Amino acid sequence: MIRAARLAALAALLCLPGLAPAQGAGGQPDTAQAARQAAQDIEAAVTMLAKAEEAPDRVAALTETTRAFEAGLAAMRDGLRRVAAREAELSARLDAREDEIAQLLGTLQVMGGTGTPAVFLHPSGAVGTARSAMIVADVSRGLDQQAAGLRADLEEVRVMRQLQENASTILADGLRGVQQARTDLSQAVADRRHLPRKFTEDPIKTALLIASTETLDAFASGLTQIASNERALDLPSVRDRKGQIPSPVQGRVLRRAGQADAAGITRPGVVLVTRPRALVTSPVASTIRYRGPLLDLGNVMILEPEPGILFVFAGLDVVYGASGDILAAGAPIGLMGGTTPDLGAMLIETNGNGADTELSETLYMEVRQDNIPQDPAEWFREMKE
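Asker: How do you make sense of the pattern of salt bridges when you look at a structure like this?
Answerer: A side chain with one charge can pair with a side chain of the opposite charge if their charged atoms come near. Within the structure shown, the criterion is met by 11 salt bridges. For the salt bridge of Lys-198 with Glu-230, the shortest nitrogen-to-oxygen distance reads 3.7 Å. Placement of Lys-198 in the loop between helix H5 (126-191) and strand E1 (200-201) and of Glu-230 in the loop between strand E2 (227-228) and strand E3 (251-255) is noted, with a sequence separation of 32 residues between them. Relative accessible area serves as the criterion here: at 38%, Glu-230 is assigned to the partly exposed category. Notably, a salt bridge pairs Arg-277 with Asp-317, separated by 2.8 Å at the nearest N-O pair. One end of the pair, Arg-277, is in the loop between strand E4 (270-274) and strand E5 (279-281); the other, Asp-317, is in the loop between strand E8 (309-316) and strand E9 (318-319), and 40 residues separate them in sequence.

Here it is as structure tokens:
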């Protein structure tokens with residue numbers, strides 16, 4: 001796995017002046033801060049993983065490890081895009097000043113020659129000579145300042161190019177790390193046993209419910225019919241956290257509730273766009289009410305954080321757990337589809353030719369209260385306008 005120290009070193013390089021502001025757009029942390037935080041999270045997750053012995057502990061540790069790697073790779077990609085843009089800006093500026101630079105270097109070379117004081121003698125005498133010397137001194141200081149600025153720009157270009165050259169090793173390590181973490185996580189989920197359960201699913205009733213419903217509304221209203229031996233739970237109220245619940249996946253909002261898609265279809269939930277194979281987690285402690293294919297929504301995960309509230313996730317490629325399982329906040333519920341890009345594709349993205357092209361997978365999400373759809377932006381803090 002990638003060494004956290006390497007990610008921390010990259011974070012330090014991303015702090016170069018002019019590369020990233022103190023805060024990003026919308027008050028989000030800047031790239032360097034995100035990289036530093038990811039390095040700390042990876043180190044903490046690896047330590048947690050080393051101490052994990054039981055299967056549930058390994059699942060929790062690998063979940064944190066996977067999320068930390070995803071955050072680290074996102075920070076690196078964003079930072080290296082900034083590096084490429086800054087290097088291109090400086091190079092263009094230097095190319096535009098090519099004639100000015102050549103003239104500056106020629107003047108400095110002449111002034112730095114082995115002339116004698118007689119060269120600067122003025123025909124009008126000592127006063128004129130003194131004045132001309134002052135003018136020459138002012139010009140010399142101005143030229144020195146221009147030369148110093150030029151040297152700074154050239155050094156920054158050199159550092160930017162060196163950073164991009166070293167990026168392939170860092171990105172390759174990160175890519176291997178996140179792929180291994182996802183593989184280990186899937187195995188740990190498969191190996192875990194004896195999860196706490198709220199109810200036992202009746203597979204026959206589930207099949208009949210799926211066959212007899214044509215809408216998500218109808219399916220959601222019949223969910224309680226497929227459970228047996230259901231027991232009451234005393235989980236923290238999710239209504240008290242409305243507006244402060246963390247996002248279940250790293251990505252951004254593509255379409256908001258009620259916003260029409262390209263075909264003119266509107267839905268009451270939001271569409272999030274993510275990277276391939278992104279990990280999706282339970283945003284709060286919840287019970288799995290249903291998991292599996294449903295209607296035309298692909299693989300669906302329906303979580304119940306408390307009676308009367310449902311979180312619906314559709315479009316996952318892999319789903320973890322079983323109906324009736326009780327999950328802790330942050331527990332893995334599945335992976336998005338798609339194929340993780342290889343190193344070459346990642347380097348193209350960071351060179352600025354594919355900004356956001358890695359966000360290729362879509363996750364549909366609904367919040368339902370008493371089976372009435374709610375705007376998820378009112379519940380999840382990262383989805384606010």
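Asker: Even after reading the chapter, I still don't get the environment of Val-59, so can you show me in this structure?
Answerer: Assignment of secondary structure puts Val-59 in helix H3 (residues 55-96). Spatially, the C-alpha atoms of Val-59 and Ala-190 are 9.6 Å apart, while their sequence positions differ by 131 residues.

Asker: Explain the pairing of strand E12 (residues 361-369) to me, please; I cannot follow it from the model alone.
Answerer: In summary, the side chains of a regular strand alternate between the two faces of the sheet. Burial analysis of E12 places 7 of its 9 residues in the buried class, which makes it a mostly covered element. Pairing of E4 with E12, which is carried by 5 bridges, proceeds in the antiparallel orientation. The residue of E12 that forms the bridge with Thr-274 is Glu-361. Across 3 bridges, the pairing between E12 and strand E13 (residues 372-374) is antiparallel.

Asker: Which parts of the structure should I look at to understand unusual backbone geometry?
Answerer: Generally, phi is negative for residues other than glycine and the peptide bonds are trans, each holding for most cases. Despite not being glycine, Asn-229 has its phi angle at roughly 55°, a positive value. Although it is not a glycine, Asn-371 adopts a positive phi angle of roughly 65°. With respect to the element layout, Asn-371 can be found in the loop between E12 and E13. Look at Asn-371 and you get partly exposed, because its relative accessible area is 26%.

Asker: What is the right way to read the packing of aromatic side chains from this model?
Answerer: Given two aromatic rings, their pairing is described by the distance between the two centres and the angle made by the two planes. Scanning the model with the defined rule gives 3 aromatic pairs in all. Both rings, one in Phe-311 and one in Trp-379, keep their centres 6.4 Å apart while their planes meet at 80°; by these two values the pair is edge-to-face. Within this pair, whereas Phe-311 is found in strand E8, its partner Trp-379 is found in the segment after E13, the two being separated by 68 residues in sequence. By relative accessible area, which is 0% here, Phe-311 ends up buried. Summarising the aromatic geometry, the rings of Phe-311 and Phe-380 are spaced 5.5 Å apart at their centres and angled 55° between planes, so their arrangement reads as tilted. With Phe-311 in strand E8 and Phe-380 in the segment after E13, the pair connects residues that are 69 residues apart, well separated along the chain. An aromatic cluster is defined as three or more aromatic residues linked by ring pairs; in this entry it consists of Phe-311, Trp-379 and Phe-380. Over the ring of Tyr-364 we find Arg-267, and its NZ or CZ is 5.6 Å from the ring centre.

Asker: What's the story with the environment of Gly-292 in this structure? I'm lost.
Answerer: In this fold, Gly-292 is placed in strand E6 (residues 286-293). Looking at Gly-292, the relative accessible area reads 5%, which means it is buried. In sequence terms Gly-292 and Val-318 are 26 residues apart; their C-alpha atoms lie 9.2 Å from each other. Not counting residues up to four positions away in its chain, the partners in contact with Gly-292 are Gly-298, Asn-299 and Val-300.

Asker: It is not clear to me how the sheet that holds E9 should be interpreted in this structure. Could you clarify?
Answerer: Two strands in a sheet stick together by hydrogen bonds in their backbones, pointing the same way (parallel) or opposite ways (antiparallel). The strand order E5-E11-E9 describes an open sheet built from 3 strands, whose pairing is antiparallel. Taken across any chain shown, the strands that pair with only one partner, and hence form the sheet edges, are E5 and E9. Sheet topology places E5 next to strand E11 (residues 332-335); 3 bridges connect them, and they run antiparallel. In the sheet register, Val-280 faces E11, and the bridge partner there is Gly-334.

Asker: I'm lost on the nonpolar core in this one. Help?
Answerer: Nonpolar side chains tend to gather and get buried jointly when the protein is soluble and globular. Counting residues in each nonpolar core, the largest one holds 27 residues, and the members touching the most others are Met-301, Leu-303, Phe-311, Phe-313, Leu-363 and Phe-380. Of all the secondary structure elements, the ones that give two or more residues to this core are E4, strand E7 (299-306), E8 and E12. A per-element tally of this core places E8 first, with 4 residues. Formed by 16 residues, the second largest nonpolar core is a distinct cluster that contains Leu-216, Ile-302, Leu-310 and Ala-314.

Asker: Would you mind showing me how to read the pairing of E4 here?
Answerer: Counted residue by residue, E4 has 5 buried out of 5 residues, so it is predominantly covered. Here E4 shows a buried face lined by Val-270, Leu-272 and Thr-274 and a second buried face lined by Val-271 and Val-273. Of the pairings in the sheet, the one linking E3 to E4 comprises 4 bridges and is antiparallel in character. The residue of E4 that forms the bridge with Val-253 is Leu-272.

Reading the values: the criteria
- Residues numbered from 1 in each chain as written.
- Predicted model: local features only at pLDDT ≥ 70, side-chain atom pairs only at ≥ 80, totals over all residues.
- Heavy atoms only, no water.
- Salt bridge = Lys/Arg side-chain N within 4 Å of Asp/Glu carboxyl O.
- Helix = DSSP H or I, 4+ residues; strand = E, 2+ residues; numbered from the N terminus.
- Buried < 20%, exposed > 50% of the residue type's maximum accessible area, 1.4 Å probe, protein only.
- Pairing = 2+ DSSP bridges.
- Phe/Tyr/Trp six-rings, centres within 6.5 Å; stacked < 30°, edge-to-face > 60°.
- Lys NZ or Arg CZ within 6 Å of the ring centre and 35° of its normal.
- Contact = heavy atoms within 4.5 Å.
- Core = buried A, V, L, I, M, F, W, Y, C linked by side-chain atoms within 4.5 Å.

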